[in-house]
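Below, each chain spelled out in residue letters.
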Amino acid sequence: MTSIKERTEIAKANPRDVQTILGEIEDLSTIDEEVAFSCFYVIISKNKPLVGISVRLAELIASSWGNIHSGARIMSKNEKEVTVQGFVHDFEKNSIFTVEVQRSIYGLTPEMAIHSTNAASSIAFRNAIFKA
């Protein structure tokens, strides 16, 4: 694995071309109908649909953007809640962004607690990508 200094030097020597990246993101996100629909989520709340940008679009953006290190990690977990941190280190701009998400796991079965933790990881990752 390369050091932060080496990754920063590589990023500075190979700067991103935003117009090319935006075209790539558009191409990838609209490659077919299934992929396009996966870039959004819909939750029905009080008979009103809530539409948002999904983790799938964040993943497409992260892979296209380049010169970054990103992910999510569990910061703490107990019988009541889990806290997950999404992070992005942009080596080209030398900036770091983090977002923490908490989810209740109180009273959930072990399987549902894992599902809730995975959801928190996706949300934290997505929010960190869009924050960066």
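Look up: the structure comes first, before these words.
A brief look at the structure comes next. Only a predicted model underlies this, so the values are computations on that prediction, with no experimental measurement involved.

1. Quick word on unusual backbone geometry
Logical step 1: Even without a glycine there, the phi angle at K46 is positive, about 50°.
Logical step 2: Despite not being glycine, N47 shows a phi value in the positive range, around 65°.
Logical step 3: In this fold, N47 is placed in the loop between β1 (40-45) and β2 (48-53).
Logical step 4: By relative accessible area, which is 76% here, N47 ends up exposed.

2. Here we look at the side chain of S64
Logical step 1: Assignment of secondary structure puts S64 in helix α4 (residues 55-65).
Logical step 2: Within the structure, S64 has its side chain in polar contact with the backbone oxygen of L60 (distance 3.0 Å).
Logical step 3: Residues in contact with S64, not counting those within four places in the same chain, are I21, E24, I25 and L28.

3. Concerning the sheet that holds strand β5 (residues 95-104)
Logical step 1: Spatially, β3-β4-β5 is the arrangement adopted by the 3 strands of the open sheet, whose pairing is antiparallel. Where the open sheet ends on each side, the last strands, each with one partner, are β3 (68-77) and β5. Averaged over neighbouring strand pairs, the angle between their axes works out to 15° when direction is ignored.
Logical step 2: Strand direction decides the pairing type here: β3 and strand β4 (residues 81-90), joined by 9 bridges, are antiparallel. Bridge assignment links S70 to a residue of β4, and that residue is V88.

4. Looking at the nonpolar core
Looking at soluble globular proteins, one finds that nonpolar side chains tend to be buried together.
Logical step 1: L57, F125 and I129 are the most contacted members of the largest nonpolar core, which has 22 residues in total.
Logical step 2: Going through the elements one at a time, α2 (18-29), α4, β4, β5 and α5 (110-131) are the ones with two or more residues in this core.
Logical step 3: In contact with L57, other than residues within four places in its own chain, are I25, S29, C39 and F130.

Criteria and thresholds
- Residues numbered from 1 in each chain as written.
- Predicted model: local features only at pLDDT ≥ 70, side-chain atom pairs only at ≥ 80, totals over all residues.
- Heavy atoms only, no water.
- Helix = DSSP H or I, 4+ residues; strand = E, 2+ residues; numbered from the N terminus.
- Buried < 20%, exposed > 50% of the residue type's maximum accessible area, 1.4 Å probe, protein only.
- Polar contact = N/O pair within 3.5 Å; in protein donor to acceptor, adjacent residues only side chain to side chain.
- Contact = heavy atoms within 4.5 Å.
- Pairing = 2+ DSSP bridges.
- Axes fitted to C-alpha atoms, helices over the stretch in contact; angles between N-to-C directions.
- Core = buried A, V, L, I, M, F, W, Y, C linked by side-chain atoms within 4.5 Å.

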